[in-house]
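Residue-level structural notes
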Amino acid sequence: MKKNFKLIFILFFLVIFTSFSFAQQQEILPVKLKMISERLYEILGGRGARGGVYIGDNGVLIIDAKMDKKSVGETIEEIKKITDKPKKYLINTHSGGDHINGNQYFSKTITFVAHENCRKEFFHPGRDGTLSDWNKPELMPFLPSITFRDQMNVYLGSKKVELWYFGIGHTTGDVVVYFPEEKTAFLGDQIFLNKPQLIHSYKGGNSFEHVKALTKMLETLDAEKFCSGHSEIIDRKTIMKHIAEMKERQGKVKSLIEKNKTLEEIKNEFKENETSLIEAIYNELKSSL
Ligand SMILES: [Zn+2]
């Protein structure tokens, strides 16, 4: 009887576990392209962040690389359905694994492009100090081979794609890819909706610089639509709201520090999912005192 009970117990957990992992697998939808214009598409689904595809006169430019072989394979198949032009460039918007790990599953003939700080971050150890995979010699062909500092254009025949750097923020090397004809900008992870902004402090990201970078972007670009790695397409107003909310948080943390509150006490004043952002803001303010 005792044995039966044990068996039922094990079976129960097996069922729970398999249905849980099945549900997790289910969450990864197949890659599909969502049209923004006849030339510009957003890449949805797969494992990794949302990206983009632009069809120029003589070639294709891709924004961000997903993070596994299957998702890259599906991305390539989806691109084949809309064009047979060669895939020429892949822009990594920043060094997050969900944006760069898939580089290695694309063809070596593609030119990988990133901000020069982003290329440095490819080699940055993980949060836990583990060595980056990008030190492996076999991955060298998939590293960004062209980098820039402030601004660079990529021409695909008569079509111009603008790459902009507005400063340190979410990481130290976030690129904005701008398509002037579509008035559409791809921001990577420089904005998160429905959850607090991620700031990679361990790589040198900074929330105060993030606010400055986004403000500079709005002043510089005439963009109306903004695509990002983890949210729906947004407008200028949403970015302004995001900036205002970030400033409000920073102001609140500053005033609590001035009242001699500890980090733990300050965290308690915010929502639970905001704690890592609040800690980043706290450390930034403390180090500037
Ligand atoms: Zn991401």
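Here is a short report on the structure shown in this document.

Reading guide: rules and limits
- Residues numbered from 1 in each chain as written.
- Predicted model: local features only at pLDDT ≥ 70, side-chain atom pairs only at ≥ 80, totals over all residues.
- Heavy atoms only, no water.
- Helix = DSSP H or I, 4+ residues; strand = E, 2+ residues; numbered from the N terminus.
- Expected span 1.5 Å × (residues − 1).
- Buried < 20%, exposed > 50% of the residue type's maximum accessible area, 1.4 Å probe, protein only.
- Arc of directions from axis to C-beta.
- Contact = heavy atoms within 4.5 Å.
- Pairing = 2+ DSSP bridges.
- Axes fitted to C-alpha atoms, helices over the stretch in contact; angles between N-to-C directions.
- Right-handed = clockwise from strand over helix to strand, strands pointing away.
- Donors = N, O, S within 2.8 Å, 3.2 Å for Na, K, Ca; no water.
- Tetrahedral: all angles 85-135°; square planar, octahedral: opposite > 155°, others 65-115°.
- Parallel < 35°, antiparallel > 145°, perpendicular 65-115°, else oblique.
- Left-handed = near helix turned anticlockwise from the far one by under 90°.
- Nonpolar A, V, L, I, M, F, W, Y, C, P; charged D, E, K, R; others polar.

Quick look at helix H2 (residues 69-82) now. The first and last C-alpha atoms of H2 sit 21 Å apart over 14 residues, in line with the 20 Å expected at 1.5 Å per residue. Ser71, Val72, Thr75, Ile76, Glu78 and Ile79 are the residues of H2 that are buried. For H2, the angular spread of the buried residues around the axis is 165°, confining them to a single face. For H2, the exposed residues lying more than 90 degrees away from the buried face are Lys69, Lys70, Lys80 and Lys81. Among the structural elements, strand E1 (32-35), strand E2 (40-44), strand E3 (51-55), strand E4 (60-63) and strand E5 (87-91) are those in contact with the buried residues of H2.

Here we take up helix H8 (residues 275-287). With 13 residues, H8 extends 18 Å from end C-alpha to end C-alpha; this agrees with the ideal 18 Å at 1.5 Å per step. Residues Leu277, Ile278, Ala280, Ile281, Tyr282, Glu284 and Leu285 constitute the buried set of H8. Where H8 is buried, its residues contact helix H5 (207-220), helix H6 (236-258) and helix H7 (263-267).

Glancing now at the sheet that holds strand E10 (residues 175-179). Either a parallel or an antiparallel arrangement is found when strands of a sheet pair, and the pairing is made through backbone hydrogen bonds. Within the open sheet, the six strands sit side by side as E8-E9-E10-E11-E12-E13. Their pairing is mixed. Each having just a single partner strand, strand E8 (151-156) and strand E13 (231-234) make up the two edges of the open sheet. On average, adjacent strands in this sheet sit at an angle of 20° to one another, irrespective of strand direction.

Before going further, it helps to examine the pairing of strand E6 (residues 111-115). Burial analysis of E6 places four of its five residues in the buried class, which makes it a mostly covered element. Of the pairings in the sheet, the one linking E6 to strand E7 (residues 146-148) comprises three bridges and is parallel in character. Among the inter-strand pairings, His115 is bridged to a residue of E7, identified as Phe148. For the crossover that starts at E6, traverses helix H4 (residues 116-122) and ends in the parallel E7, the hand is right-handed.

It is worth spelling out the coordination of the zinc ion at this point. Four donors placed tetrahedrally around a metal ideally meet at 109.5 degrees, and six donors placed octahedrally ideally meet at 90 or 180 degrees. Protein-derived coordination of the zinc ion comes from Asp98 (OD), His99 (NE2), Asp189 (OD) and His230 (NE2), at a distance range of 2.0 to 2.2 Å. Its four donor atoms give the zinc ion angles of 87 to 157° at the centre, a pattern that matches the irregular case. Of the residues examined, His230 reaches a relative accessible area of 34% and is grouped as partly exposed.

Attention now moves to the packing of H5 against H6. Relative orientation of the contacting elements H5 and H6 amounts to 155°, with a least axis distance of 10 Å. Between H5 and H6, the angle is such that the two are roughly antiparallel. Seen from above, H5 lies across H6 with left-handed handedness. Between H5 and H6, the contacting residues are Ser207, Phe208, His210, Val211, Leu214, Thr215, Met217, Leu218 and Glu219 on the first element and Arg236, Ile239, Met240, His242, Ile243, Met246, Lys247 and Gln250 on the second. Of the residues contributing to the contact of H5 with H6, the split by class is nine nonpolar, five polar and three charged.

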